[in-house]
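Per-entry structural report
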Amino acid sequence: MNHVLCGLAANPALPPELVDRLIAVADDDIAGELAGRTDLSRAQAVALASRDEAIGVRLAYEGRLTAADVDPTAQPLVALALLDEGAGSPEWARLLMVDPVVSNREKLAACPGLPPDVVETLASDSDIRVVAELALWCAPDVAARLAEHPHAEVRRTVAANEATPPDVLAALISGEGLTPARRCLVCDREEPPFSHSPDCPRPDCDLPPGASCDGSHESTVHTTLLAALSNPATPPEAVAGFADHPSMLLRQALATRPALPPETYARLATDPTPGVRADVAENPAIDDTLIRTLADDPDPGVRRGLAHNPRVPLDVLARLAARTRVGPTLLPRIASASAAEVTELARSLHPAMRMLLAERRDLSAEIRDLLADDPDAKVAKSIAPHPGLSAARLRAMVDRFGAQVTAKVATNPDATPALLEHITRHGPPVRKALREAARHPRATPPALLACLTDERARPLAAAHPALPPTTIAQLLTDPAVRVAEAAATNPSLPRTMMTTLLPEPCADIHRGNQSAPDNPCHQWPHPSEQ
């Protein structure tokens, strides 16, 4: 890999004619970088897609290719990507539904808007993986039909399909009205009874760890139940009885569901597994009584889950914040607080509550400035990135709390060039602050030069357009390849140097993968030799 050319391929200031030259000599890594450019012409996108199908798939999903640009027989994966995006031809689907490559038919089965005849063909495919994939994405009428498929794997994916009718999902849970499945992926491969060891030594075995079948396809039945309990289309009355199921995974899936009876949530709130209780605590469907009960749960993960519940009362949240590390994050209840509640929170006696409020980025100037002047460093750290803060207040925060807030101040969009220079001169250096300053659009050359002294900030500073061109040129030969690559992405890199970094065009160069190191077209002058 030539890291400098990879960086150059991502440089937003690279002129179109140099993009063309780079396409002509690109290896897979460089081509991947070129594919991420937003200024590619259609001709350039087609040229890149023609050299590598994986890149073609990426460009198709990004809307850079049209059906006219793709030959489905030569690049079936690109055609499948366009079909998946609804931009392919129906005739492609008819061609690919009989593709001998199973994975291609499987990808086709996941595409939306397939013609009815294609759906029917895929539903009767000889490979169960294709049918199962179709069952995961198909329309309600097809899902209802496939729920009676004799293979348990197909029923499992029907249970996960949110388009499956509710009564069919209920039947998949209870088994009522459905004949038992005759096969599963386990007994397709092994004679029952069989349990797949987690330490299976066979490299060609694709059964999941713990998969088992004693004739009842028990592991697939379990994953079918899990899929149905996780499916929002499944009727609540069909799943409420699983609160006492022996499987923790099923109880945990139940704990996140809305619209269950209050007694079901109450039972789950006493579950022996903290993860189940934590999911119940975070569920906005639980009532105020259960919220207050869970606030006293001995497990901090449960209390943390409750803090993220959008319906938790503020007095309960204050109790939680006093004894549970919630972290600097915007909680849903804080985000939805009314103007009156915001005023109350800003004057709370609990620093943790003021810190949580300070995570909002839509505060009024009065509340914002009040929190910026807060005597607690945690509050100041949370409010520091808030837009609209004056340079004087930001500087005062740095002077009061130093390294505790410096990195967050450096992320503020209104941080001035002078403030960023002040931050980068802090002694001893605040490493995280240097990284944030190196990203800041207002960083100046002196600030960026200071950032170059930090190993992790160095590549960020190397890519900053305010860095002097002479410094950028020096960084192209940096022994750290990440730094050299970042410098090559810098839009302030002079065009003359961009040109000299590229190998000369060669008429007979092969446009596929480049691997011949002796090809003169692959020799380019080192920047230090210019």
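What comes next is a walk through the structure. This one's a predicted model, so the numbers in the text were calculated from it and none came from an experiment. (Residues numbered from 1 in each chain as written. Predicted model: local features only at pLDDT ≥ 70, side-chain atom pairs only at ≥ 80, totals over all residues. Heavy atoms only, no water.)

Points about the overall build of the protein chain
- Looking only at helices and strands, the protein chain has 36 helices and 2 strands in total.
- In terms of overall dimensions, the protein chain has C-alpha extents of about 75 × 75 × 40 Å along its principal axes.
- A burial count over the protein chain gives 49% of its 530 residues as buried.
- Put simply, 48% of the contacts in the protein chain that link residues at least 6 apart link residues at least 24 apart.
- A total of about 24500 Å² of accessible surface is found on the protein chain, and carbon and sulfur atoms cover 56% of it. (Helix = DSSP H or I, 4+ residues; strand = E, 2+ residues; numbered from the N terminus. Buried < 20%, exposed > 50% of the residue type's maximum accessible area, 1.4 Å probe, protein only. Contact = heavy atoms within 4.5 Å. Areas by Shrake-Rupley, 256 points an atom, 1.4 Å probe, with all protein chains shown as cover.)

Remarks on a positive patch on the surface
- A contiguous patch of positive charge on the surface is contributed by R361, K381, K408, K432, R456 and R482.
- As for its placement among the helices and strands, R456 is situated in the loop between helix 32 (445-451) and helix 33 (458-462).
- R456 gets classed as exposed once you look at its relative accessible area, which sits at 56%. (Patch = residues over 30% accessible without salt bridge, like charges linked within 9 Å, V, L, I, M, F, W, Y side chains within 5 Å. Salt bridge = Lys/Arg side-chain N within 4 Å of Asp/Glu carboxyl O. Lys, Arg positive; Asp, Glu negative; His and termini not counted. Charge placed at Lys NZ, Arg CZ, Asp CG, Glu CD.)

Topic: helix 31 (residues 431-439)
- What helix 31 keeps buried is the set A433, L434, R435, E436, A437 and A438.
- Next to the buried residues of helix 31 lie helix 29 (406-410), helix 30 (417-424), helix 32 and helix 33.

A closer look at the pattern of salt bridges
- The full count for this structure, using the stated rule, is 30 salt bridges.
- Linking D127 and R129 is a salt bridge whose minimum nitrogen-to-oxygen distance equals 2.8 Å.
- The salt bridge involving R292 is made with D288; its shortest N-O contact spans 3.0 Å. Of this pair, R292 and D288 both sit in helix 20 (residues 288-294), 4 residues apart, roughly one helical turn.
- Since its relative accessible area comes to 30%, R292 is described here as partly exposed.

Side note on the side chain of S219
- Checked against the element boundaries, S219 lands in helix 15 (residues 218-230).
- A distance of 3.0 Å separates a polar side-chain atom of S219 from the backbone oxygen of S212.
- Ignoring sequence-local partners within four residues, the contact set of S219 consists of V186, G210, A211 and S212. (Polar contact = N/O pair within 3.5 Å; in protein donor to acceptor, adjacent residues only side chain to side chain.)

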